[in-house]
Amino acid sequence: MGTTLTSAFKLIFSGSDMLTEIVLTTLKMAFSSSLLALLLGVPIGLLIAISNFKGKDAVVMLLRTFMGFPPVVAGIVIYVLFSGTGPFGKLGLIYSVELMIIAQVVLITPIVAGMTESSASAICQRFLDTAKGLKLGYGKVLALTVIECRYQLIAVYLFAFARAMSEVGAVQIVGGNILHKTRVMTTTIALNYNTGEFSYAVALGVVLMLIVVAVNLIASLLQKGTNK
Amino acid sequence: MIITAKKVYGQKVALDVSCLKFEQGKIYALIGANGSGKSTLLKCLANIVDFDGEIKEPIKDMAYMPQHSYAFSISVKNNILLAFPFKERKKHLESVDKIMEKLELGKLKNKNASRLSGGETQKTALARLMVKKHCALLLDEPTSAMDIKAALKVENELINYAKEHNTTVIFATHSLRQASLAHEVIFLKDGYVVEREQSANILKSPKKAETKEFIDFF
């Protein structure tokens, strides 16, 4: 164990080109997909939270079902859709980082929407009567809901980012874990485990944890900033 | 404005009133114990909740302040500016300053409203309504969290506002002193109107035994 950890830290500080490339590909995929999921999921979640319509319970239930969508199933569905014989095969996105981002967005958007809906619904109850009493328009209520739920939205983003960073099933299927192209940290860890190269896997694990800690720190600073 | 409304929560009748009339420019106080239907009546009038019944000759421009009024996590000044469309905010800065001065909110102008005390939050919520002309104000215990000095000041400003704009003010209260400021007092019990009279009459010599029992308790 000690030898593995020592080798892992040596690898991190060696400035390995391959390690840097894998980390950068992972960051590109995780930031892009979590931001896209946030842009899509937050408005959906907020609209469901502040609206009253027939079938709202069914929509919320559907959303919560998709929150638990198995990544491997999502990966296979997207693979079939984008493979050479699939309806989107002509786009040539199979085994690309772009398709990995699409797969992550499909997986994370319902989670972002569901978490946003859940936290916004609870907070909205405190001010919806006030908003109705003032006859505030939909746009204003939506903007105020974002302001009132800002801490929760930061937490939602953190969760989305962590999920994008740590997901392995779908990106393995649609990305193919191709060296210098679609190899990311989680798929590399899985590969190295299978080939017995534990020090490389541990080194990537440590970097993965450091990135998550750094993002958490930035989010905490943001939360403190918005509280001033 | 004449309201006929029935509102049931589960099996409990929260409100059952028939042809309850409110005249333009008058001030009405709703009194009664907790759960008597005061808040539900205000919510029905404000169209905040669905109910069985109708409102005849409705007042178009009504503003409602709920029992637990909310101040958004923006400055006090921006909270009050919410009363106006976003594009027109600059035009109304002067009236915002005026109402803040009247309700003694000037010092809190730039303070984040989420950090206000209960009384200050209520003042901000009232300022948000009183910063522009409304034909009717529906206020659910508008000064319940204020100290007596602040409550007296706000009551005075509300009366002036109603006179100036010929506004109908309907407010729920647990204070008989405050109720005495209204033209008419409506006593509710278990969702029904027990008695409705001019404030001086109902508070000094109520006709119904239930009203007398309630008032004597104070």
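Computed from a prediction, not measured in an experiment: that's the story for all the values here.

About the criteria used
- Residues numbered from 1 in each chain as written.
- Chains lettered and ligands numbered in written order.
- Predicted model: local features only at pLDDT ≥ 70, side-chain atom pairs only at ≥ 80, totals over all residues.
- Heavy atoms only, no water.
- Contact = heavy atoms within 4.5 Å.
- Buried area = accessible area lost by both parts, 1.4 Å probe.
- Salt bridge = Lys/Arg side-chain N within 4 Å of Asp/Glu carboxyl O.
- Helix = DSSP H or I, 4+ residues; strand = E, 2+ residues; numbered from the N terminus.
- Nonpolar A, V, L, I, M, F, W, Y, C, P; charged D, E, K, R; others polar.
- Pairing = 2+ DSSP bridges.
- Axes fitted to C-alpha atoms, helices over the stretch in contact; angles between N-to-C directions.
- Phe/Tyr/Trp six-rings, centres within 6.5 Å; stacked < 30°, edge-to-face > 60°.
- Lys NZ or Arg CZ within 6 Å of the ring centre and 35° of its normal.
- 1 Å grid on protein atoms, 1.4 Å probe; cavity = no way out; pocket = protein on both sides within 12 Å on 5 of 7 lines; lining within 4 Å.
- Points joined across faces, edges and corners; volume = space filled by probe spheres on them.
- Buried < 20%, exposed > 50% of the residue type's maximum accessible area, 1.4 Å probe, protein only.
- Patch = residues over 30% accessible without salt bridge, like charges linked within 9 Å, V, L, I, M, F, W, Y side chains within 5 Å.
- Areas by Shrake-Rupley, 256 points an atom, 1.4 Å probe, with all protein chains shown as cover.

1. Side note on the interface of chain A and chain B
Listed as interface residues are 16 residues of chain A and, on the opposing side, 19 residues of chain B. A combined buried area of about 1600 Å² lies between chain A and chain B, and 57% of that area is made up of carbon and sulfur atoms. Taken as a group, T130, L134 and K140 of chain A account for 29% of the area that chain A buries against chain B, more than any other trio of residues on that side. Where chain A touches chain B, the interface holds one salt bridge. One salt bridge in this structure joins D129 of chain A and K43 of chain B, with 3.8 Å as the shortest N-O distance. Those elements that provide at least two residues to the side of chain A that touches chain B are helix 5 (97-133) and helix 6 (138-148) of chain A. By residue number, the principal contributor to the side of chain A that touches chain B is helix 5 of chain A, which donates six residues. In terms of residue class, the side of chain A that touches chain B is built from five nonpolar, three polar and eight charged.

2. As for the sheet that holds strand 4 (residues 52-56) of chain B
All names here are of chain B. One open sheet accounts for three strands, arranged 2-1-4; its pairing is antiparallel. Every other strand in the sheet has two partners, leaving strand 2 (12-21) and strand 4 as the edge strands with one partner each. Each adjacent strand pair in this sheet contributes to an overall mean axis angle of 15°, direction not counted. Looking at chain direction, strand 1 (residues 2-9) and strand 2 are connected through seven bridges and run antiparallel. Across the sheet, Y9 pairs through a bridge with K12, a residue of strand 2. Contacts between helix 1 (residues 38-45) and the sheet are confined to strand 1, strand 2 and strand 4, with strand 2 contributing the most and set at about 60° to the helix.

3. Digging into the packing of aromatic side chains
Applying the stated criterion to the full structure yields 11 aromatic pairs over all chains. Seen in terms of ring centroids, F127 of chain A and Y70 of chain B are 5.4 Å apart; in terms of plane orientation they differ by 45°. Their pairing is tilted. Here F127 of chain A is found in helix 5, whereas its partner Y70 of chain B is found in the loop between strand 5 (62-65) and helix 2 (76-81) on a different chain. Ring-pair connections join several aromatic residues into one group, and the members of that group are F31, Y157 and F161 of chain A. Note that R150 of chain A overlies the ring of Y151 of chain A, its terminal NZ or CZ placed 4.7 Å from the centroid. Across the ring face of F22 of chain B, the terminal group of R196 of chain B is positioned such that the distance to the ring centre comes to 5.7 Å.

4. Considerations on empty space enclosed by the protein
Residue and element names in this part refer to chain B. In this structure the tally under the stated criterion is two cavities of 30 Å³ or more. For the largest cavity, the calculated volume is near 120 Å³. Lining the largest cavity, in full, are I27, L139, P142, T143, E155, L158, I159, V169, F171, Q178 and L181. Mapped onto the lining of the largest cavity, the elements with two or more residues apiece are helix 5 (148-165) and strand 7 (168-172). Tallying contributions element by element places helix 5 first for the lining of the largest cavity, with three residues.

5. Topic: the pairing of strand 9 (residues 192-198) of chain B
Where strand 8 (residues 184-189) of chain B and strand 9 of chain B come together, six bridges link them in antiparallel fashion. Its bridge partner being in strand 9 of chain B, I186 of chain B is matched across the sheet by R196 of chain B.

6. Some remarks on the pairing of strand 5 of chain B
Residues and elements named next belong to chain B. Going residue by residue along strand 5, you find M62 and Y64 tucked away on one face and A63 and M65 tucked away on the opposite face as well. Sheet topology places strand 5 next to strand 6 (residues 136-140); four bridges connect them, and they run parallel. Across the sheet, residue Y64 finds its bridge partner in strand 6, namely L138.

7. Looking at the sheet that holds strand 8 of chain B
All names here are of chain B. Strand order across the open sheet formed by six strands is 5-6-7-3-8-9, with mixed pairing between neighbours. Edge positions in the open sheet fall to strand 5 and strand 9, since each of these has one partner strand only. Within this sheet the neighbouring strands show an average axis-to-axis angle of 15°, counted without direction. Sheet analysis places strand 3 (residues 27-31) next to strand 8, joined by four bridges and oriented parallel. Among the inter-strand pairings, Y28 is bridged to a residue of strand 8, identified as E184. Together, strand 3, strand 8 and strand 9 form the strand contacts of helix 8 (residues 209-217), whose direction differs from that of strand 8 by roughly 100°.

8. Describing a nonpolar patch on the surface
Together, V72, I76, Y79 and V80 of chain A line one region of the surface with nonpolar side chains, adding up to about 330 Å² of accessible area. Within the secondary structure, V72 of chain A sits in helix 4 (residues 71-82).

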